[in-house]
Each structure stands twice: as C-alpha cells, then as structure tokens.
Amino acid sequence: KKYITIGDCNLVTQDEARETARQYLNLLKQGTHPKLKIRAEAGKNKTLNDLVEEYLNASKTLKESSRRDYRSRIKNSMPSIWKKPIIEIQTADIEDWWSSSNGSRSNQIAFIYARKLMSRATASRYIERNPFNDAKELIGNFPPPVRKNNHISKPQLWKFFNAFKEVGEKITPTMRDFFIFLLVTGKRSEEVRTLTWQNVDFKNGTITLEKTKNDRVDIIPMTDFMYVMLKHREETKHPLWVFQNRTGDSYIKDSRKSLKKISDKADLGFRITPHDFRRTFATATRELGIKNEDLSTLLNHSKRDVTEGYVFASLGYKEKNLDAIFDYFNDNSSGALRWMMVNWYGGNSNLWVPSADEDTIDSDRAKQREYLLAKNEESS
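Note that the structure is predicted; figures quoted are calculated from it, not measured.

Undergrad: Describe the overall build of the chain, and please don't skip the residues or the numbers.
TA: The number of helices and strands found in the chain is 18 helices and 3 strands. Of all 380 residues assigned to the chain, the portion counted as buried reaches 43%. Taking contacts inside the chain between residues at least 6 apart in sequence as the whole, the part at least 24 apart equals 65%. Of the roughly 21400 Å² that the chain leaves accessible, carbon and sulfur atoms contribute 47%.

Undergrad: Help me get a handle on the packing of aromatic side chains, residues and values and all.
TA: A ring pair, where both rings are aromatic, is described by two values, the distance of the centres and the angle of the planes. Tallying each qualifying case throughout the model produces 23 aromatic pairs. Between Phe161 and Phe329, the ring centres sit 6.4 Å apart and the planes meet at 50°, which makes this aromatic pair tilted. Residue Phe161 is located in helix α8 (residues 157-167), and its partner Phe329 is located in helix α16 (residues 315-331); the two are separated by 168 residues in the primary sequence. This pair shows no difference in class: Phe161 is buried, exactly as Phe329 is. A ring pair is formed by Phe202 and Tyr227, whose centres lie 5.9 Å apart and whose planes are at 85°; its orientation type is edge-to-face. With Phe202 in the loop between β1 (200-201) and β2 (206-209) and Tyr227 in helix α11 (residues 224-234), the pair connects residues that are 25 residues apart, well separated along the chain. Accessibility expressed as a relative area gives 10% for Phe202, which makes it buried. Exposure remark for Tyr227: the relative accessible area of 1% places this residue in the buried category. Against the face of Phe202 rests Lys231, its NZ or CZ located 4.6 Å from the ring centre.

Undergrad: How would you sum up the environment of Gly186? Please name residues and give values.
TA: For Gly186, the position within the fold is in the loop between α9 (173-185) and α10 (189-193). Note on Gly186: relative accessible area 0%, which makes it buried. Sequence separation between Gly186 and Asp276 is 90 residues; the distance between their C-alpha atoms is 9.4 Å. Not counting residues within four places of it along the chain, the set of residues in contact with Gly186 comprises Phe181, Arg278, Phe281 and Leu299.

Undergrad: For the packing of helix α13 (residues 274-287) against α16, give the residues involved together with the corresponding values.
TA: Following both chains from N to C, one finds α13 and α16 inclined at 100°, their axes separated by 10 Å at the closest point. By the angle between their directions, the pair α13 and α16 is classed as roughly perpendicular. Seen from α13, the contacting residues are Thr280, Phe281, Ala284, Thr285 and Glu287; seen from α16, they are Leu322, Ile325, Tyr328 and Phe329. Class assignment for the residues of the contact of α13 with α16 results in 6 nonpolar, 2 polar and 1 charged.

Undergrad: Please give an account of the sheet that holds strand β3 (residues 218-221) that cites residues and values.
TA: Spatially, the 3 strands line up as an open sheet ordered β1-β2-β3, and their pairing is antiparallel. Both outer strands of the open sheet, β1 and β3, are each paired with one neighbouring strand and no more. Relative to β3, β2 is paired through 4 bridges, and the arrangement is antiparallel. Residue pairing for β3: Thr206 is matched across the bridge by Pro221. The sheet strands contacting α16 are β2 and β3, and the helix crosses β3 at an angle near 60°.

Undergrad: Can you explain the pattern of salt bridges? Please cite residues and give values.
TA: Under the defined criterion, the tally for this structure stands at 17 salt bridges. Within the structure, one salt-bridge network assembled from shared partners comprises Glu166, Lys170 and Lys265.

Undergrad: Outline the layout of surface pockets, listing residues and values.
TA: Reported here for the largest pocket is a volume of approximately 2500 Å³. Taken together, 50 residues form the lining of the largest pocket, with Asp69, Arg73, Glu190, Pro274 and His275 sitting closest to its centre. Listing elements by their share of the lining of the largest pocket, those giving two or more residues are α4 (64-77), α6 (105-123), α10, α12 (256-266), α13 and α14 (292-299). The element contributing the most residues to the lining of the largest pocket is α4, with 9 residues. Residue classes in the lining of the largest pocket are distributed as 12 nonpolar, 16 polar and 22 charged.

Undergrad: How would you sum up helix α5 (residues 91-100)? Please name residues and give values.
TA: Regarding α5, the residues found buried are Thr91, Ile94, Trp97 and Trp98. All buried residues of α5 project into a common sector of 125° when viewed along the axis, lining one side. In α5, those exposed residues whose orientation departs by more than 90 degrees from the buried face are Asp96, Ser99 and Ser100.

Undergrad: Tell me about the packing of α8 against α9, residues and numbers included.
TA: How two helices pack is summed up by the angle between their axes together with the distance between the axes. Running from amino to carboxyl end, α8 crosses α9 at an angle of 155°, the nearest separation of the two axes being 11 Å. One element, α8, and the other, α9, form an angle in the roughly antiparallel class. Handedness of the α8/α9 crossing: left-handed. Contacts between α8 and α9 involve Phe160, Phe161 and Phe164 from the first element and Arg176, Phe179, Ile180 and Leu183 from the second.

Undergrad: Lay out unusual backbone geometry in plain terms, naming residues and giving numbers.
TA: Positive phi values are uncommon outside glycine, yet Asp267 reaches one of about 50°. Tracing the backbone through its elements, the reader meets Asp267 in the loop between α12 and α13. Positive phi values are uncommon outside glycine, yet Ser334 reaches one of about 55°. With respect to the helices, strands and loops of the structure, Ser334 is situated in the loop between α16 and α17 (336-343).

Reading the values: rules and limits
Within each chain, residue numbers correspond to sequence positions counted from 1 in written order. Note on the predicted model: pLDDT of at least 70 is required for a residue's local features to be given, and 80 or more for side-chain atom pairs to be given and counted; whole-chain, interface and lining totals, by contrast, use all residues. Hydrogen atoms and water are omitted, and side-chain values are computed over all heavy atoms in the structure. Only DSSP runs of H or I covering at least 4 residues are called helices, and only runs of E covering at least 2 are called strands; the numbering of each starts at the N terminus. Partly exposed describes any residue whose relative accessible area lies between the buried limit of under 20% and the exposed limit of over 50%, with all areas from a 1.4 Å probe on protein chains only and scaled to the type maximum. The contact rule is simple, with two residues in contact once any of their heavy atoms fall within 4.5 Å. Only the protein chains shown count as cover for residues, with accessible areas throughout obtained via the Shrake-Rupley method and a probe of 1.4 Å. Pairs were defined over the aromatic rings of Phe, Tyr and Trp, the Trp ring being its six-membered one, requiring ring centres within 6.5 Å. Orientation was assigned from the angle between planes: stacked under 30 degrees, edge-to-face over 60, tilted for the rest. We call a charge positioned above a ring when the Lys NZ or Arg CZ atom is no farther than 6 Å from the ring centre and deviates by at most 35 degrees from the ring normal. Axes, fitted as lines to C-alpha atoms, cover a helix only where it is in contact. Angles between the N-to-C directions of the axes lie from 0 to 180 degrees. Here the word oblique covers every angle except those under 35 degrees (roughly parallel), over 145 (roughly antiparallel) and from 65 to 115 (roughly perpendicular). Each residue gets one label: Ala, Val, Leu, Ile, Met, Phe, Trp, Tyr, Cys and Pro are nonpolar, Asp, Glu, Lys and Arg are charged, and the others, such as Gly, are polar. At least two DSSP bridges between two strands are required for those strands to pair. The salt bridge criterion pairs a side-chain nitrogen of Lys or Arg with a carboxyl oxygen of Asp or Glu, the two atoms within 4 Å. Cavities and pockets were defined on a 1 Å grid built from protein atoms only: a cavity is a group of points that admits a 1.4 Å probe but offers it no way out, a pocket is an open group of points flanked by protein on both sides within 12 Å along at least five of seven lines, and a lining residue is one with an atom within 4 Å of any such point. Grid points are joined across faces, edges and corners, and a volume is the space filled by probe spheres set on the points. This arc describes the spread of directions from the helix axis toward the C-beta atoms. In this scheme, a crossing is called left-handed if the near helix is turned counterclockwise away from the far one by less than a right angle; it is called right-handed if the turn is clockwise.

In structure tokens form, the structure reads like this:
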C-alpha cells in the first residue's frame, strides 16, 4: 500500500478530507497517480527563477561562485523568459530569444543552465516535455568557445598603472586592494574573495587560501609589499573578512563596476576582468624566465609536470619569485607599486634602502618588517 497524506487534521475538516480522497480515487481510476497531479499543480506558477532556487537548495556541494552565476546568468541573459511560468514556455519563445541574442558564450551558458533546470522540472513532473531540448535541435551546435588570452602586456603596464593610480583614489580602498592582491599573487578571484584574517599570519609571513578551485590548500609567502598593504588594512579591519563588502556583512562579490572604471581609463583595447590579472601574472613569469613548474606552483594548478616533492617548494623560494614579479611590475610602471606602498599603505618612504641581513634579525617575520612602516622612518 502507498499512503498519501491529505493534510493536517487540525487544518482540514472531515468533509474536506473526504472530498479530496474522492478526487484522488478518481485520478487513480483514470490511471494518474495523485502525487503526479499534485506536482503538476505545484509547478503551474513556477518560473526559471524558482527552478534556480530549488536546484541550489538541493545542491549542497555547489561552489559559491557557481551559485552566484546561476542566479545572475539566466536573469541577465533571458529577460523575456526567466520570470515566465515554465508551463507557458514554448520552443518558439526560446527560438525568438536566441535569434534576438548575439549568441555570445554568456548566452550559450544561460541556455545550458536553463536546459538543465527544465530537465529537472520534467523529472519532477512539473512539465511533460523540455522545450529547450527541441530548441537545441533547431538551433544546432554552438560554436566552440573562443579561448580568451587578454592580459596587460609589458608595454601596457605603464598605461595601466597610471590609470589605476588615478581611479584607485575614487573606488573603495577594499576593491582597490583586492585588485592589487590579484595582480601581484596571480591567484583566482573567487579564492581571494573569501580570505579571512584568521588565515593571515604576520608572524610567520604567510597567507593561506583554503577554498581553492582544486581543493588544494595554497600557502602564499607574504612579500614586503603584501605585508605593508595587509598591515594597512588591519588598522581598520573587518572582524572576519580581509576584503569585505560595503555593508560589512560578507566579502566582496561583484567587482565589475570598479574594474570597468579602470578599464575605461586605461583604454587597453579590451575590458579587463579579474582573470586577466592572473594571465598578466603568468606573462610576467615568462618575461622573467621563471620555469613552467615554478609558475604552476605559484598559480596552484591542479596538474603539475613535476614530482610532489618539488611542488611543495620552500616558501623562501616562492617568495623570491614573487619578489621578482613585484619588481617586474614596479620597474615597468615607473615605480607605481612602491608609490602605492608609501602613499596608499603608509609604507616607509625609504623602502628602496636594502633591508637588514636576515641572519642577524629576529625570526619573527612581523618584527623583521616593522622597518617597512612609515611610523618607523626615523629609526631606519
């Protein structure tokens, strides 16, 4: 026997329950299971937006960046469809949307997402047929995605940093520092956003990224530049996040508006994205002659062409490479990064003076670096 609950006896009268039972029995006589009818009724007013939330609630392991993408992609790419009841979405509606779109990769991804959501709706018996399957047959295969290779080239660094210095005075300090962190470390945007102060260790000079794309903990040696910048942020730090949002209730999630201001000012011939900083970082390593296996270690790639023993290179060796990349950016931008250290982050104006011999100073990295701060200019 299969039992079906009609309702709470405190909310449903005996007569209402009998009437509902008669309806269920009639459905069974017609060959329709009542639960399927209930699901169909429940799906009458559901939209793609509702399906997104159902999918996200059911997917416990989906990464935060993917969740944000599902919520925004369909809404922004399918304005004529995303709030329409799914039982009313026809193949012709999808064809009309596609023909009016530019067929960009973003629209292709929105189509893939919507098709997947509607397949779930079919499995849940909200709808009998997925119109996106028929539309795909009519549209045909999508063109292969064009692999982006945008990066800030060596001749463009001066132009970019000049624009960044000017715009950096107008955007929030948090967003400004976030972009610089991405550039000088080569890390992925989604990995840095969630960085917490708990994972910033001034004493040992390390920054730990736990939520990485390949689920591999990434330990970044703290260069002098990062030390000065993070010390500056620590003065007014958020209780949890290193790069908090405007309201302070979470970390920053959307950097597009601020990055567009820098792109417009720099006018490099392409719209800068956070991942372009990662490609720029990788290009700098090639210019410096840094080996591919060392680059893979710095970028924390999941696949590396070296043994595990070499992958876990010493922090000192990684720091040496990061310092070389810092100098590369600084030298090709007329000293922009050192200017930022002093003018934005309160660094010692005598920073270009060589530091003390590490063999003769305290092992506490934080104490070693106190000379970097402006308050200690006299003693340096």
